[in-house]
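# Residue-level structure breakdown
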Amino acid sequence: MQISVSTNPPKQAELIDYLKSVSSLNVDYIHLDIMDGILVEQKTFDADILPTIQECSNLPIDAHLMVYNPQDEYKNYLKTGVKNISVHYECFPDDFALVETLEDIRRHGIKASVAVKIETPIDDFLPLLRYCDNVLVMSVKIGKSGQKFDNSAYNKIARIKNFIDNFHLKTTIEVDGGVNEENIDNLKLLGVTNVVVGGALYNSSNKAQTISKLKE
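Since the structure is predicted, the reported quantities are computational estimates derived from the model, not experimental observations.

Our next topic: the sheet that holds strand 8 (residues 194–197). Around the barrel, eight strands lie side by side as 1-2-3-4-5-6-7-8; this closed barrel has parallel pairing. Direction aside, the axes of adjacent strands within the sheet are offset by 25 degrees on average. Sheet topology places strand 3 (residues 61–66) next to strand 4 (residues 84–88); four bridges connect them, and they run parallel. From the neighbouring strand, D62 faces strand 4, where its bridge partner is N84. Those strands touched by helix 4 (residues 95–107) are strand 4 and strand 5 (111–116), and its axis lies near 145 degrees from that of strand 5. Across the sheet, helix 5 (residues 152–166) touches strand 5, strand 6 (134–138) and strand 7 (172–176), and the angle it forms with strand 7 is around 170 degrees.

Right, dumping it as C-alpha cells:
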C-alpha cells in the first residue's frame, strides 16, 4: 500500500515544517490539496506553492485539483514536476472535455487521474476509466479534513475494481477521506493501492508507527 500524505489539515503556516517531518518517514507521495474556495468553501493555495514544497521534500507530488475550472487550472501544473494530476469528473461539461484534458496530461509525462465525489453515481463514469491512469475515490465530502469514512465508498470501489479487472485495465485505485488503521484492511482487500492520509497521520502521536500499521 502506498501512502500519500495530505496537505490538509495542517494550517499553511505550519505546512512546510509538517511536510519536512513526514518526508523522512516511510511515505510515498505528498498529496497536494488545491482548493479554490468555489468548488469547496475552503481556499488553500495554487501552483505557486510547488517550488517551496519541492525545496523541503523530495517526495513525488500528487496534485488534487478541487477547483471549479479544472480545464484551465490543470495547465498550471504541467511543467512543475508533479507526478500525478487529479481532476474532478463532476467539473467538466461533458466526457469529451474530460478525456481531452486527461490525454493532454499524459502527453506531458504525468499520470492522469480522475477524482470522483462520494455522492456521485458512477454508472456513466465507469467507461471513462479506460482513459485514466488512476481513479481517486473520495470517501468523504470534499473540502474538509477530519470527516469519518463513508462506508458507501466500499461498494463504489468494488464496482470500479470489477470494471478494471473485466476490461484488463491498468488503472489504479486511490482512496481519500477518513482513511485510518480501522478501515485500511478493507481497502486492501478491495484492490486499493494508494491511500491519502490526512487527520489520522497529522493527529498521531507516533507517526512512524501509524504509517507502519497502514502499510503492513
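That was the structure; now back to the text.
Once that is clear, we can look at the pairing of strand 3. Of all the six residues making up strand 3, six are buried; the element is thus mostly covered by neighbouring parts of the structure. Residues I61, A63 and L65 line one face of strand 3 and the alternating positions D62, H64 and M66 line the opposite face, and both faces are buried. As paired strands, strand 2 (residues 29–35) and strand 3 are joined by six bridges and run parallel to one another. Bridge pairing in strand 3 links D33 to H64. Of the crossover connections in this fold, the one passing from strand 2 over helix 2 (residues 50–56) to the parallel strand 3 is right-handed.

Counted according to the given criterion, the structure contains four aromatic pairs. Relative to F125, the ring of Y89 lies with its centre 5.2 Å away and its plane at 65 degrees, an arrangement referred to as edge-to-face. Residue Y89 is found in the loop between strand 4 and helix 4, and its partner F125 is found in the loop between strand 5 and strand 6; the two are separated by 36 residues along the sequence. The side chain of R130 reaches across the aromatic face of F167, ending 4.6 Å from its centre.

Quick look at the pairing of strand 2 now. With respect to burial, strand 2 is a largely interior element, seven of its seven residues being buried. Side chains of strand 2 alternate between two faces, with Y29, H31, D33 and M35 and I30, L32 and I34 buried alike. The pairing of strand 1 (residues 2–6) with strand 2 spans three bridges and is classified as parallel. Bridging from a neighbouring strand, S4 pairs with Y29 of strand 2. Chirality of the crossover, the property in question, places the unit of strand 1, helix 1 (residues 12–23) and strand 2 among those that are right-handed.

Moving on, we get to the environment of I3. On the secondary structure map, I3 appears in strand 1. Considered as a pair, I3 and E174 are 171 residues apart in the sequence and their alpha carbons are 9.6 Å apart. What I3 contacts, discounting residues up to four positions off in sequence, is V27, D28, Y29, N194, V195, V197, L214 and K215.

Backbone geometry at H168 places phi at a positive 55 degrees, although glycine is not the residue there. Inspection of the secondary structure assignment puts H168 in the loop between helix 5 and strand 7.

We now examine the layout of surface pockets. Put simply, the largest pocket is a space of about 310 Å³. What lines the largest pocket is a set of 25 residues, and nearest its centre among them are S145, G146, D176, G177 and G178. Contributions of two or more residues to the lining of the largest pocket are made by strand 2, strand 3, strand 8 and helix 7 (199–202). Its volume calculated, the second largest pocket comes out at about 150 Å³. Residues that form the lining of the second largest pocket fall into these classes: four nonpolar, six polar and four charged.

Reading the values: the criteria
Residues numbered from 1 in each chain as written. Predicted model: local features only at pLDDT ≥ 70, side-chain atom pairs only at ≥ 80, totals over all residues. Heavy atoms only, no water. Pairing = 2+ DSSP bridges. Helix = DSSP H or I, 4+ residues; strand = E, 2+ residues; numbered from the N terminus. Axes fitted to C-alpha atoms, helices over the stretch in contact; angles between N-to-C directions. Contact = heavy atoms within 4.5 Å. Buried < 20%, exposed > 50% of the residue type's maximum accessible area, 1.4 Å probe, protein only. Right-handed = clockwise from strand over helix to strand, strands pointing away. Phe/Tyr/Trp six-rings, centres within 6.5 Å; stacked < 30°, edge-to-face > 60°. Lys NZ or Arg CZ within 6 Å of the ring centre and 35° of its normal. 1 Å grid on protein atoms, 1.4 Å probe; cavity = no way out; pocket = protein on both sides within 12 Å on 5 of 7 lines; lining within 4 Å. Points joined across faces, edges and corners; volume = space filled by probe spheres on them. Nonpolar A, V, L, I, M, F, W, Y, C, P; charged D, E, K, R; others polar.

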